[in-house]
Amino acid sequence: MSARPRLRLHRAAAALITVAALVLAGCSKGSATKDTSEGGVTTVRYLTFSAAPDHLDDLNGIVAAFEKANPDVKISVQTAPYKDYFTQLQTSIAGGTVADAFELDYQNFVTYAQAGSLADLAGPAANDKAWQPSVLSPAALDAFKHGGKQYALPESFSTVVLIYNKALFDAAGVAYPTSDWKWSDEAAAAQKLTNKAKGVYGDFQPVSFYEFYKAVNQAGGTFLSPDGKSARFNSPQGVAAAKWLIGKSGTTMPTLTEIGNTPDFDTNLFKSGKLAMWHNGNWQFDTLKDVPFGWDVVVEPGDAQKASAVFQNAVAVSAASSHKDAAFRWLNYLTTSEQTVTARINSSWELPPLADASKLSGYLSKTPPANRKAVMDALGKQSLLPVIAKEQQMQDIVNNALTKAAGGEDPQKILDDAAKQVTALL
């Protein structure tokens with residue numbers, strides 16, 4: 001498994017953003033999905049990318065439980081692989097054949113919400129007696145609001161945490177990371193843990209857009225201005241974030257040249273017992289369960305504040321659906337029911353973002369790692385991905401700037417130039 005599988009997915013989706021915006025902008029807002037009510041039973045068509053192929057049985061079990069509790073609604077599941085999903089979704093919206101409800105990741109949620117393709121859920125929620133917004137994490141709910149309106153329900157999440165090798169810490173006589181750690185604590189420990197003669201490195205964090213935007217937040221800065229009209233990542237906090245990332249290369253982590261294009265370099269380094277600290281996600285837990293050394297996790301250290309990368313999927317009702325109430329009832333069940341929580345935990349499907357962590361006790365009690373609660377804590381400290389219409393261009397600009405800075409060019413000058421380029425995109 002790639003060390004950054006979800007980041008690759010987001011990168012692939014980003015290339016579709018501009019196309020999506022153009023297609024959706026040209027769609028008729030009055031188009032409607034086919035009415036599929038018959039004999040007092042309403043069929044809700046639901047399109048998903050995350051269930052296939054590994055979790056279709058889990059989803060089918062949730063559908064069966066929902067239909068038993070709601071005999072007046074039938075769910076018709078449609079699937080598409082992630083690489084084709086958003087192209088298919090765009091085409092169906094343009095053609096007036098879009099499903100009543102569908103799945104979105106955060107990046108694409110912003111695009112579709114801006115395009116007017118999603119239904120405001122206030123009305124359907126008011127008509128669903130089972131709707132209890134307090135069940136879901138407030139931070140996760142807020143992430144799927146646009147213009148103050150709830151356009152999607154958070155469905156699942158995964159977070160980036162600091163994974164550490166306890167054996168290396170013990171051997172070096174260094175205290176384990178804690179939730180109180182700041183960048184300075186991580187840097188000091190990484191120096192003590194690095195032993196290049198033995199091929200052991202103290203830290204690993206990619207020098208990339210996805211790590212940089214989060215680090216800017218950790219430093220107390222913002223990536224974009226509040227109105228989204230200008231780049232702000234060339235602030236003192238942004239420069240500090242860039243220096244934090246590039247300062248590790250060649251000191252406490254391998255250089256970009258040493259890493260090269262080696263697949264899963266960081267994964268293999270950690271699993272071989274040669275990496276003390278690793279910035280990666282809870283999707284790695286299963287891949288590490290059989291390593292021959294003890295390991296655990298904590299929320300990533302910040303500088304001025306905590307800020308964690310959280311990758312989220314959500315579910316939305318189409319603005320064109322003729323069955324908004326029935327579709328919302330299904331999505332409410334899909335995101336909050338005990339049936340869903342149990343299925344996700346038992347099958348290692350992504351976690352539901354519930355406000356009450358005790359409802360995830362089946363997940364939290366699993367070991368390793370012992371401190372799985374850090375995954376939930378990180379959700380409450382989320383750093384949302386900056387999303388613009390020309391997303392891929394923005395990411396390329398920032399990645400190129402970080403590469404130049406890592407090569408020895410002045411970070412302030414490089415970020416100033418990158419900020420001007422990104423502002424021109426906005």
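Described below are features of the structure shown in this document. Remember, predicted model here, so these are calculated numbers, not experimental data.

### Points about the pairing of strand 8 (residues 277–281)
Link 1 in the chain: The buried fraction of strand 8 is high, at five of five residues.
Link 2 in the chain: Alternating positions in strand 8 separate into two faces, Met277, His279 and Gly281 on one and Trp278 and Asn280 on the other, with burial throughout.
Link 3 in the chain: Across five bridges, the pairing between strand 7 (residues 153–165) and strand 8 is antiparallel. Its bridge partner lying in strand 8, isoleucine 163 is registered against tryptophan 278.

### A word on the side chain of glutamine 218
Link 1 in the chain: Secondary-structure assignment places glutamine 218 in helix 10 (residues 209–218).
Link 2 in the chain: Excluding residues within four positions of it along the chain, glutamine 218 makes contact with Trp183, Glu300, Pro301, Gly302, Asp303, Ala304, Gln305 and Ala307.

### Overview of the pattern of salt bridges
Side-chain pairs of opposite charge can arise where the charged atoms are in close proximity.
Link 1 in the chain: As enumerated under the stated definition, the model contains nine salt bridges in all.
Link 2 in the chain: Note that glutamate 155 and arginine 344 form a salt bridge whose closest N and O atoms lie 3.2 Å from each other. You can see glutamate 155 sitting in strand 7 and its partner arginine 344 sitting in helix 15 (residues 338–347), a full 189 residues away along the chain. Residues glutamate 155 and arginine 344 agree in their burial class; the two are buried.
Link 3 in the chain: Counted as one network, the salt bridges with shared partners bring together Glu186, Asp203 and Lys248.

### A word on helix 10
Because an α-helix completes one turn every 3.6 residues, residues spaced three or four positions apart along the sequence face the same direction.
Link 1 in the chain: Counted residue by residue, helix 10 has 10 buried out of 10 residues, so it is predominantly covered.
Link 2 in the chain: Three or more residues of helix 10 are buried, namely Phe209, Tyr210, Glu211, Phe212, Tyr213, Lys214, Ala215, Val216, Asn217 and Gln218.
Link 3 in the chain: Positive phi shows up at glycine 220, right after helix 10, with a value of about 95°.

### Here's the deal with the nonpolar core
Link 1 in the chain: Judged by nonpolar contacts, the single largest core of 63 residues is most densely connected at Leu89, Phe109, Phe212 and Phe233.
Link 2 in the chain: Contributing elements (two or more residues each) for this core: helix 4 (82–95), strand 4 (101–105), helix 5 (106–114), helix 10, helix 11 (236–246), strand 10 (308–317), helix 18 (391–406) and helix 19 (411–425).
Link 3 in the chain: Setting aside residues no more than four positions away along its own chain, phenylalanine 109 makes contact with Leu104, Leu118, Ala143, Phe144, Lys145, His146, Tyr151 and Ala152.
Link 4 in the chain: If you look at the next biggest cluster of nonpolar residues, it comprises 60 residues, including Tyr46, Val135, Val291 and Val299.

### A look at the packing of helix 9 (residues 183–193) against helix 11
Link 1 in the chain: Orientation of helix 9 relative to helix 11, taken along the N-to-C sense of each, is 20°, at an axis distance of 12 Å. Here helix 9 is positioned roughly parallel relative to helix 11, judged by the angle of their axes. The hand of the helix 9/helix 11 crossing is left-handed. On the side of helix 9, the interface is formed by Trp183, Glu186 and Ala187, while helix 11 contributes Ala240, Ala241 and Trp244.
Link 2 in the chain: Grouping the constituent residues of the contact of helix 9 with helix 11 by class yields five nonpolar, no polar and one charged.

### Details of unusual backbone geometry
Link 1 in the chain: Here the amide bond leading from alanine 52 into proline 53 is cis, since omega sits at 0°, within 30 degrees of zero.
Link 2 in the chain: Mapped onto the elements, proline 53 comes out in the loop between strand 2 (41–48) and helix 3 (56–69).
Link 3 in the chain: With an omega of -5°, the peptide bond between proline 368 and proline 369 qualifies as cis.
Link 4 in the chain: For proline 369, the location among the structural elements is in the loop between helix 16 (361–364) and helix 17 (373–379).
Link 5 in the chain: With a phi close to 60°, serine 348 is a non-glycine residue in the positive phi region.
Link 6 in the chain: Considering the arrangement of structural elements, one finds serine 348 in the loop between helix 15 and helix 16.

### Concerning the side chain of serine 308
Link 1 in the chain: You can see serine 308 is positioned in strand 10.
Link 2 in the chain: Those residues in contact with serine 308, other than ones at most four positions away along the chain, are Val160, Lys214, Val299, Glu300, Ala378, Lys381, Gln382 and Ser383.

### Concerning the packing of aromatic side chains
Link 1 in the chain: A complete count under the given rule lists 27 aromatic pairs for this structure.
Link 2 in the chain: Residues tyrosine 164 and tyrosine 176 carry aromatic rings whose centres are separated by 5.6 Å and whose planes lie at 40° to one another, so their mutual orientation is tilted. Here tyrosine 176 lies in the loop between helix 8 (166–172) and helix 9 and tyrosine 164 lies in strand 7, a separation of 12 residues in the sequence.
Link 3 in the chain: Judged by its relative accessible area of 4%, tyrosine 164 is buried.
Link 4 in the chain: Assessed through its relative accessible area of 29%, tyrosine 176 is described here as partly exposed.
Link 5 in the chain: On the numbers, 5.2 Å between centres and 25° between planes, the contact of phenylalanine 270 with tryptophan 278 is stacked. With respect to class, phenylalanine 270 is no different from tryptophan 278; both count as buried.

Conventions and cut-offs
All residue numbers refer to position in the chain's written sequence, counted from 1. Only residues with pLDDT of 70 or above have their local features reported here, since the model is predicted, and side-chain atom pairs are shown and tallied only from 80 upward, although totals for entire chains, interfaces and linings are computed over all residues. Calculated side-chain values reflect all of the structure's heavy atoms, with hydrogen atoms and water omitted. Relative accessibility decides the category of a residue: with a 1.4 Å probe and only protein chains considered, values under 20% of the type maximum give buried, values over 50% give exposed, and everything between is partly exposed. A run of DSSP states H or I qualifies as a helix once it reaches four residues; a run of E qualifies as a strand once it reaches two. Both are numbered from the N-terminal end. A pair of strands is treated as paired once DSSP finds two or more bridges between them. Throughout, a contact is declared for two residues whenever any of their heavy atoms are within 4.5 Å. Throughout this description, the term salt bridge denotes a Lys or Arg side-chain nitrogen within 4 Å of a carboxyl oxygen of Asp or Glu. To define a nonpolar core, start from buried Ala, Val, Leu, Ile, Met, Phe, Trp, Tyr and Cys residues and group those joined through side-chain atoms within 4.5 Å. Note on geometry: axes are lines fitted to C-alpha atoms, helical ones only across the stretch in contact, with angles between N-to-C directions running from 0 to 180 degrees. For classification purposes, an angle smaller than 35 degrees is called roughly parallel, one larger than 145 roughly antiparallel, one from 65 to 115 roughly perpendicular, and anything else oblique. Note on convention: near helix rotated counterclockwise from far helix by under a right angle means a left-handed crossing. Clockwise means right-handed. Ten residues, namely Ala, Val, Leu, Ile, Met, Phe, Trp, Tyr, Cys and Pro, are considered nonpolar, four, namely Asp, Glu, Lys and Arg, are considered charged, and the remaining ones, Gly among them, are considered polar. Each aromatic pair joins two rings of Phe, Tyr and Trp (for Trp, the six-membered one) with centres within 6.5 Å, and gets the label stacked for planes under 30 degrees apart, edge-to-face for over 60, and tilted for any other angle.

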